[in-house]
Amino acid sequence: MLRITDILDKTQSYLVPEEQVMIEKAYVFSASVHQGQLRLSGEPYLTHPMEVAGILADMKLDAATIVTGLLHDTVEDTLASPEQIKEIFGDEVEFLVEGLTKISKITIGSRVEQQAENFRKMILAMSADIRILMIRLADRIHNMRTLQFQPPEKRKYIAEETLELYAPLANRLGINWMRVELEDLAFCYLHEEAYKALVDRIARKEEEREKYTGEVKEIIQREIDRFGMKGIVEGRAKHFYSIYRKMSEQQIDLDEVYDLIAFRIILDSEKEIECYEALSVVHALWKPVPGRFKDYIAIPKVNNYRALHTTVIGPYGERVEIQIRSRLMHEWAEEGIAAHWRYKEGRAYKRDDDEQIKRLRELLEVQQELKNPREFMSHLKMALFPDEVYVFTPRGDVKSFPKGATPIDFAYSIHTDVGDKCIGAKVNRNIVPLKYELQNGDTVEIITQSGHHPSKDWLKYAVTTRARARIRSWIKTEERRKSIDLGRDLLEKEFRKQNLKFSQIIKSDEIKELFAEYSISSLDDLLAIVGYGRVSPKRVVNRFLPEEMKPEEPLPEKQKKKKLSISTPGISLTGVEDVMVRFAHCCNPIPGDEIQGYISRGRGIAVHTMSCPNIEGLDPERVVDVQWNIREKQTYPVNMRVVCKDKKGLLAEISTIISSLDINISHAEVETRPADMQAICDFILDVYDLDQFNQVLHAIKKLKNVISVDRVRK
């Protein structure tokens, strides 16, 4: 266990005695309020804040940050109050602790909603002080190091969240060592068998790899010394997750991964020209691989990473990746924003001066506009997508975008009005379609037309969160306008049928009672929910009929649900009545899937899986909560694709496994590919639930000649 003296030793070289006293005081306070609390490992809870503070001290962060590391769980997990923190440690520490306190004490519907609200709060606080994010990352690092003590389901959830959100956030801050450790730890828990197999295979060749690394380092070092350059050469194996990702994306074996080792030339000189001189030395030694040179000095990455990257054919014909950077560039590459953290007279440096923080803040603040928690989390993950392309404006300014970005993303990066009115684009002076994917070095010019508006189809091509949020906002506004018009038309017709005047009714006190009943505040809101199909016009009009003309009382709630479940077996609805429910054919939900419903005009509610790409572009106002409510066992169709080697008898083996699990095959289709001797087998299976389907996947994967087994969504 880390001791307070260890933390004080780490900070002695850069903190004044008064600040070290404050750290000691925070240790005593944390120890007293956490007394008696234990972690799942059985250790005293105090070990966690101590380890977090130790990580922050290693990063050489200021005293307030380290003190907050010691206190970050006190308000959330003990009887300590924000007022107490403020009184003892001051406004700055109290603000940081409050920014880190999760909202888990508030009851929110689902795990996704709670996750979204916690991230909203963190982003809001981070916008005022970036240290909040650095403390949260240190907290996550230690939690991941001790993840083995969590139950399996929670391990998986935390590891997924780490890989999808925290590791990319560390990458955006440029803190490479954190990103690498978070990715490898998450990989270890998400793909345990693949992780162990990879570690084992790499370990077997360690001696051979070390010998090769030493040889290449010696050659490069000798050459840069010969040309009078001062610097060192490092050689390191790539981290496990990056190797696994490359193998998965390119569908290759470990033996086909040529660049397992990356070499770095770190020069003492801060003159950029020396990096280019070192590059010429490397290219004189070995032949460069075409298309593998990247100049991140001239055009830095979004996280401000700067270096030259090249791949050459090195000794024994092996591909060798070499990075060339100055010592300051190297410091940023490993420590990121933490390397440039400065404080003076107890206050953080002027944050507006740091372009990197400003860009991260802008990137994340766009998410605040998204109200739907699932939409918010989806966009946040997309915003942290790490691969970029760099393009030019007609004036020569450089703009960076995620890989796959289109002219639509470019247009919205200039201004919302430019995006909304975009009708086309010129790339390198040639007119291109709006779905064209931008390439490095493109010069982009947007063509606009007054009165033009975004299209729903644009959501298929836009990838930046800014563009998607603006398109959605326009679609939502337009959908609401159409729904209000439709709702007005439907209500006026229904009122006329009953010989009632709509214009008089909307001025009555009774209409206000109706607003309160539906939790709305205006006539437009009422018209919109009628137009969306959430409330039938007949139901509204019935409120204003004389007593003798009103229909019979509706069935009690229990009977209504029973009636609904006959026509829509297995589904129960929240807040929507008298509508038809159907399963969407694009994703074929089965019990066990997370699901949501979408109100479509005239066709009732379509039930989709949460991961269905088709629901992403739809109006969030028309999304409703639905749940599985299985009373009688029945089967549901699900699509499965098996890719296997084209071997005699393999299809019979697959069919035998499926039938042995009491599953019916309602459709089967096989296509063979003579070119690679593979067969693609598409099945539609009738299964009871997700567990049964997963059993089939697991059993088929064990067959010797099977390459992959996946659920297919149309």
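It should be noted that the structure appears before, not after, this text.
What counts and how
- Residues numbered from 1 in each chain as written.
- Predicted model: local features only at pLDDT ≥ 70, side-chain atom pairs only at ≥ 80, totals over all residues.
- Heavy atoms only, no water.
- Helix = DSSP H or I, 4+ residues; strand = E, 2+ residues; numbered from the N terminus.
- Buried < 20%, exposed > 50% of the residue type's maximum accessible area, 1.4 Å probe, protein only.
- Contact = heavy atoms within 4.5 Å.
- Areas by Shrake-Rupley, 256 points an atom, 1.4 Å probe, with all protein chains shown as cover.
- Pairing = 2+ DSSP bridges.
- Phe/Tyr/Trp six-rings, centres within 6.5 Å; stacked < 30°, edge-to-face > 60°.
- Core = buried A, V, L, I, M, F, W, Y, C linked by side-chain atoms within 4.5 Å.
- Polar contact = N/O pair within 3.5 Å; in protein donor to acceptor, adjacent residues only side chain to side chain.
- Salt bridge = Lys/Arg side-chain N within 4 Å of Asp/Glu carboxyl O.
- Disulfide = S-S within 2.5 Å.
- Axes fitted to C-alpha atoms, helices over the stretch in contact; angles between N-to-C directions.
- Left-handed = near helix turned anticlockwise from the far one by under 90°.
- Nonpolar A, V, L, I, M, F, W, Y, C, P; charged D, E, K, R; others polar.

1. Some words on the overall build of the protein chain
Here's step 1: Within the protein chain, the secondary structure is distributed over 30 helices and 23 strands.
Here's step 2: For the protein chain, with 714 residues in total, the buried portion stands at 47%.
Here's step 3: Here the analysis covers contacts within the protein chain between residues at least 6 apart in sequence; of these, 67% occur between residues at least 24 apart.
Here's step 4: When the accessible surface of the protein chain is split by element, carbon and sulfur atoms take 50% of a total near 36,900 Å².

2. Side note on the sheet that holds strand β16 (residues 595–600)
Here's step 1: Spatial strand order, β15-β17-β16-β18: 4 strands in an open sheet with mixed pairing. Each having just a single partner strand, β15 (581–583) and β18 (623–624) make up the two edges of the open sheet.
Here's step 2: Sheet analysis places β15 next to strand β17 (residues 604–609), joined by 3 bridges and oriented parallel. Among the inter-strand pairings, R582 is bridged to a residue of β17, identified as A606.

3. Quick notes on the packing of aromatic side chains
What characterises a pair of aromatic rings is the spacing of the ring centres plus the angle enclosed by the ring planes.
Here's step 1: One pass over the full model with this rule turns up 14 aromatic pairs.
Here's step 2: Their ring planes at 70 degrees and their centres at 5.9 Å tell us that Y296 and Y305 sit as a pair that is edge-to-face.
Here's step 3: You can call Y305 buried: its relative accessible area is 10%.
Here's step 4: Centre to centre, the rings of F583 and W628 are 5.8 Å apart; their planes meet at 20 degrees, and the pair counts as stacked. Of the two residues, F583 is situated in strand β15 and W628 in strand β19 (residues 626–629); the sequence distance between them amounts to 45 residues.
Here's step 5: Three or more aromatic residues joined by ring pairs form one cluster here, namely F187, Y195, F240, Y241 and Y244.

4. A short note on the nonpolar core
Here's step 1: I7, I23, L71, M178, I265, I322 and I324 are the most contacted members of the largest nonpolar core, which totals 96 residues.
Here's step 2: Excluding residues within four positions of it along the chain, I322 makes contact with I220, F263, I265, V282, W286, L308, H309, T310 and V312.
Here's step 3: Among the nonpolar cores identified, the runner-up in size contains 23 residues, and Y636, M640, A679 and L697 belong to it.

5. Comments concerning the side chain of H48
Here's step 1: With respect to the helices and strands, the residue H48 is situated in helix α3 (residues 47–58).
Here's step 2: The buried category is assigned to H48, whose relative accessible area is 1%.
Here's step 3: Within the local environment of H48, its side chain forms a polar contact with the side chain of H72, the two groups lying 3.3 Å apart.
Here's step 4: A polar contact is formed between the side chain of H48 and the side chain of H142, at a distance of 2.9 Å.
Here's step 5: If near-sequence neighbours (up to four positions away) are discounted, H48 is found in contact with R39, H72, D73, D139, H142 and N143.

6. Notes on the pattern of salt bridges
Here's step 1: According to the stated counting rule, one finds 28 salt bridges in the structure shown.
Here's step 2: Sharing partners across several salt bridges, the network here consists of D62, E92 and R131.

7. Remarks on the environment of I680
Here's step 1: Mapped onto the secondary structure, I680 falls in strand β22 (residues 678–687).
Here's step 2: Given a relative accessible area of 13%, I680 falls into the buried group.
Here's step 3: As a C-alpha pair, I680 and K645 span 35 residues in sequence and 8.8 Å in three-dimensional space.
Here's step 4: Discounting chain neighbours no more than four positions away, the residues touching I680 are R641, V642, V643, E669, V670, E671 and R673.

8. Some details on the state of the cysteines
Here's step 1: One pass over the structure, following the stated rule, counts 0 disulfides.
Here's step 2: Between C612, a cysteine without a disulfide, and C586, which holds the nearest cysteine sulfur, the sulfur-to-sulfur distance is 3.5 Å.
Here's step 3: Given the relative accessible area of 3%, C612 is considered buried.
Here's step 4: Summary of cysteine pairing: C644 is not part of a disulfide, and the nearest cysteine sulfur, belonging to C681, is at 4.1 Å.

9. A short note on the sheet that holds strand β21 (residues 664–673)
Here's step 1: Across the sheet, 4 strands lie side by side as β21-β22-β20-β23; this open sheet has antiparallel pairing. Edge positions in the open sheet fall to β21 and β23 (706–711), since each of these has one partner strand only. The sheet shows a mean angle of 15 degrees between the axes of neighbouring strands, direction not considered.

10. A look at the packing of helix α29 (residues 650–660) against helix α30 (residues 690–701)
A pair of packed helices can be characterised by two numbers: the angle between their axes and the separation between those axes.
Here's step 1: Look at α29 against α30: their axes get within 10 Å of each other, and the N-to-C directions meet at 145 degrees. Along this stretch, α29 crosses α30, giving a crossing that reads as right-handed. Residues I654, I657 and I658 of α29 touch α30, and the partners they reach there are V696, A699 and I700.
Here's step 2: The class makeup of the residues in the contact of α29 with α30 is 6 nonpolar, no polar and no charged.

11. Quick look at the environment of L169
Here's step 1: Tracing the backbone through its elements, the reader meets L169 in helix α10 (residues 152–172).
Here's step 2: Since its relative accessible area comes to 3%, L169 is described here as buried.
Here's step 3: Residues L169 and R179, 10 residues apart in the sequence, show an inter-C-alpha distance of 8.1 Å.

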